[in-house]
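The residues making up each chain are set out below.
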2 protein chains.
Amino acid sequence: MTSQRRVVIALGGNAMTGPDGSATPAAQRAAIAVAAGHVADVVATGVEVVVTHGNGPQVGNLLVKNELAAHEVPPVPLDWNVAQTQATIGFTVVDELDAALAARGLAQRTAALVTRTLVDGTDPGFSEPTKPVGRFLPREQAQRFMDLGQTWEDRGEKGWRRVVASPEPRSVLDSPAVRALAGAGFVVVCAGGGGIPVVDDGKDGAALRGVEAVIDKDLTAALMAAELGADTLVIATDVDHVMVDFGTPQARPLGRVTTDELRAHAAAGQFARGSMGPKVEAALRFADVGGTRSVVTSLEHIADAVAGDDVGTSVTAR
Amino acid sequence: MTSQRRVVIALGGNAMTGPDGSATPAAQRAAIAVAAGHVADVVATGVEVVVTHGNGPQVGNLLVKNELAAHEVPPVPLDWNVAQTQATIGFTVVDELDAALAARGLAQRTAALVTRTLVDGTDPGFSEPTKPVGRFLPREQAQRFMDLGQTWEDRGEKGWRRVVASPEPRSVLDSPAVRALAGAGFVVVCAGGGGIPVVDDGKDGAALRGVEAVIDKDLTAALMAAELGADTLVIATDVDHVMVDFGTPQARPLGRVTTDELRAHAAAGQFARGSMGPKVEAALRFADVGGTRSVVTSLEHIADAVAGDDVGTSVTAR
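Residues numbered from 1 in each chain as written. Chains lettered and ligands numbered in written order. Predicted model: local features only at pLDDT ≥ 70, side-chain atom pairs only at ≥ 80, totals over all residues. Heavy atoms only, no water.

Concerning the nonpolar core
Counting residues in each nonpolar core, the largest one holds 92 residues, and the members touching the most others are Ile9(A), Leu11(A), Val49(A), Leu97(A), Ile9(B), Leu11(B) and Val49(B). Residues within four places of Ile9(A) in sequence aside, it is in contact with Val39(A), Val42(A), Val49(A), Val50(A), Val51(A), Thr52(A), Val234(A) and Ile302(A). If you look at the next biggest cluster of nonpolar residues, it comprises 74 residues, including Val244(A), Ala111(B), Ala182(B) and Phe286(B). (Core = buried A, V, L, I, M, F, W, Y, C linked by side-chain atoms within 4.5 Å. Buried < 20%, exposed > 50% of the residue type's maximum accessible area, 1.4 Å probe, protein only. Contact = heavy atoms within 4.5 Å.)

What follows is the structure, encoded as structure tokens:
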């Protein structure tokens, strides 16, 4: 079993919200049912599978609930909201995965793990937060939260929006538990939303504390894939390939690409910061720490992308 | 390692809310820090430890948030709220446990698992719900939710309150994952709030679906202890012993007691339905399926209760 391949799959927002971005429980469940089928197809190829996922719209909804109920019940911090989405998305994914695995006659069990990701308290994101979260509010309503210490930005016509730190993931603290479960034959769902951001306030890892931040889920996926000794990182999104010269007549999809080539495209500003940029960065990082291959492709192609390298954008060191 | 003792500890509400019942994040964290110290003391006795916990006030807060924000963001069902509390309480417990274990020089790692508990869709609780959840509302406000299909009861001066099913736990679906983690040396936090209630809509376990219910956490703890092959079930509460003739001049604590004796007290109506009743029932059930011993005692005595049988109320088959 030492030659067992292990694959980390990062599911994007389209795998857990409706086609219109809706995050009602029914829309989430319907989207997750489809995604679970594709994940089960990957399991069917004979590899160990660890699944992680985004949580943007879900966290946004929780922030609004906190805000609107603050006069009646205590609001909880952003790290608690991230945790909450790990559980609701996590149990829905394992419910649907159990069904998809059984439908394929596969015996694997599933597990959803609450997962913490260590970040650095001195990360520049904390002094200059840039990641927008939650809904737009008129200035006078936003002021109420700024008075509580939150950072909000004027976004023009749409109103003001909260911005938070998006610190670098340093270590997925619970990856030993993920490894134990994956090694015991479980398909593990973990590190949702990039993991619950925690800082280490003390010595010897003895004083962990959640912090108000959100971590990029693709960067956490790359880090976790390395920690788990996975050979392949699959970043599932809503397009078949990473594109260069996107939106121009010269637009073309990237197939097999080396990290040098991909890095050159990135340096040339080919990838949008909030969308394809972090996916490309995650693929580069995974290769840099010795990962065999990263693939960026659409959800419906992930099983083929794990089985061969002629699907999606396949990134290797050389 | 086959003779390794395994202990399931069920933490009561006092282990995760303030002395006044407050469930602010700060109050929860402070209470959990204290509880984690006691759990770490149990780990220090050399046994494998699995921790479960209640979530009543936390779920209550989430119900209010759903209610007050329903005009802006989609409410989520009760099973999702249970899941959310597993994550927030779970990661706070593992943070504090990591600190408490390190402070004692113990090398064990921790893991918090999202946990589903199978219930029967035909459980009488669903047709005649009895478990009160959430806050009291005036009748006209409660009517709005009754129109959505919820059951609310007139509770007199305090107002109306929602009641939900509290079905029998049939199987802790994720106990194989708990077993894998505990066997690999992790202190596992799981099955919070009795587990996320799910029913099996299909054949072969292939169609699990969350349901609006809450499961008694002590009954789930007893079931899980049996499934895990634990030898001891510890029910931590805010009193040192189960009492008989409570509130009378004849009041006396129970020390070592057999299931026959305890069942006789229960049959005589000694234990209140909403408080000590389920704890006594959990202890009886665990013995009935072959568990060696259950102990009901206060949080600060759990380590001594695991080490010997002269602390708390210790329940054995004979």
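From this point, the discussion proceeds with the structure in view.
Examining helix 8 (residues 259-267) of chain A
All names here are of chain A. Here helix 8 has its buried residues at Thr259, Leu262 and His265. All buried residues of helix 8 project into a common sector of 125 degrees when viewed along the axis, lining one side. Among the exposed residues of helix 8, those oriented more than 90 degrees off its buried face are Asp260 and Ala267. Of the surrounding elements, those touching the buried residues of helix 8 are strand 13 (243-244), strand 14 (252-253), strand 15 (256-258), helix 9 (276-288) and strand 17 (313-316). One or two residues past the end of helix 8 sits Gly269, with phi positive at roughly 75 degrees. (Helix = DSSP H or I, 4+ residues; strand = E, 2+ residues; numbered from the N terminus. Arc of directions from axis to C-beta.)

With respect to the relation of the copies chain B and chain A
If you rotate chain B by 180 degrees and push it 0.0 Å along the axis, it lands on chain A with an RMSD of 0.0 Å. Expressed as an axis order, the relation between the two copies is that of a two-fold axis. With an isologous cut-off of 70% or more, the 98% of interface residues of chain B that recur at the interface of chain A puts this contact in the isologous class. (Least-squares fit on C-alpha atoms with pLDDT ≥ 70 in both.)

Some thoughts on the side chain of Thr88(A)
Secondary-structure assignment places Thr88(A) in helix 3 (residues 78-103). A distance of 3.5 Å separates the side chain of Thr88(A) from the backbone oxygen of Thr85(A), its partner in a polar contact. What Thr88(A) contacts, discounting residues up to four positions off in sequence, is Trp80(B), Ala83(B) and Gln84(B). (Polar contact = N/O pair within 3.5 Å; in protein donor to acceptor, adjacent residues only side chain to side chain.)

Regarding the sheet that holds strand 8 (residues 171-172) of chain A
All names here are of chain A. Taken in spatial order, the four strands of this open sheet run 8-4-10-11, and their pairing is mixed. The strands lining the two open edges of the sheet, one partner per strand, are strand 8 and strand 11 (208-210). Across three bridges, strand 10 (residues 196-200) lies against strand 11 in antiparallel orientation. Paired with Val198 across the strands is Gly210, a residue of strand 11. Across the sheet, helix 3 touches strand 10 and strand 11, and the angle it forms with strand 10 is around 135 degrees. (Pairing = 2+ DSSP bridges. Axes fitted to C-alpha atoms, helices over the stretch in contact; angles between N-to-C directions.)

Examining the packing of helix 2 (residues 56-69) of chain A against helix 3 of chain A
Residue and element names in this part refer to chain A. Between helix 2 and helix 3, the shortest axis-to-axis distance is 9 Å and the interhelical angle comes to 125 degrees. In terms of orientation, helix 2 lies oblique with respect to helix 3. Considering the relative orientation of helix 2 and helix 3, their crossing is right-handed. On the side of helix 2, the interface is formed by Gln58, Val59, Leu62, Leu63 and Asn66, while helix 3 contributes Leu78, Asn81, Val82, Gln84, Thr85 and Ile89. Looking at the contact of helix 2 with helix 3, its residues break down into six nonpolar, five polar and no charged. (Parallel < 35°, antiparallel > 145°, perpendicular 65-115°, else oblique. Left-handed = near helix turned anticlockwise from the far one by under 90°. Nonpolar A, V, L, I, M, F, W, Y, C, P; charged D, E, K, R; others polar.)

Structural notes on the pairing of strand 17 (residues 313-316) of chain B
Across a regular strand the side chains alternate sides, sitting on one face of the sheet and then on the other. Residue and element names in this part refer to chain B. In the sheet, strand 15 (residues 256-258) pairs with strand 17 via three bridges, with the strands oriented parallel. Within the sheet, the bridge partner assigned to Val257 lies in strand 17 and is Val315. Taken together, the three bridges between strand 16 (residues 293-298) and strand 17 define a ladder with antiparallel strand orientation. Bridging across to strand 17, Val295 finds its partner in Ser314.

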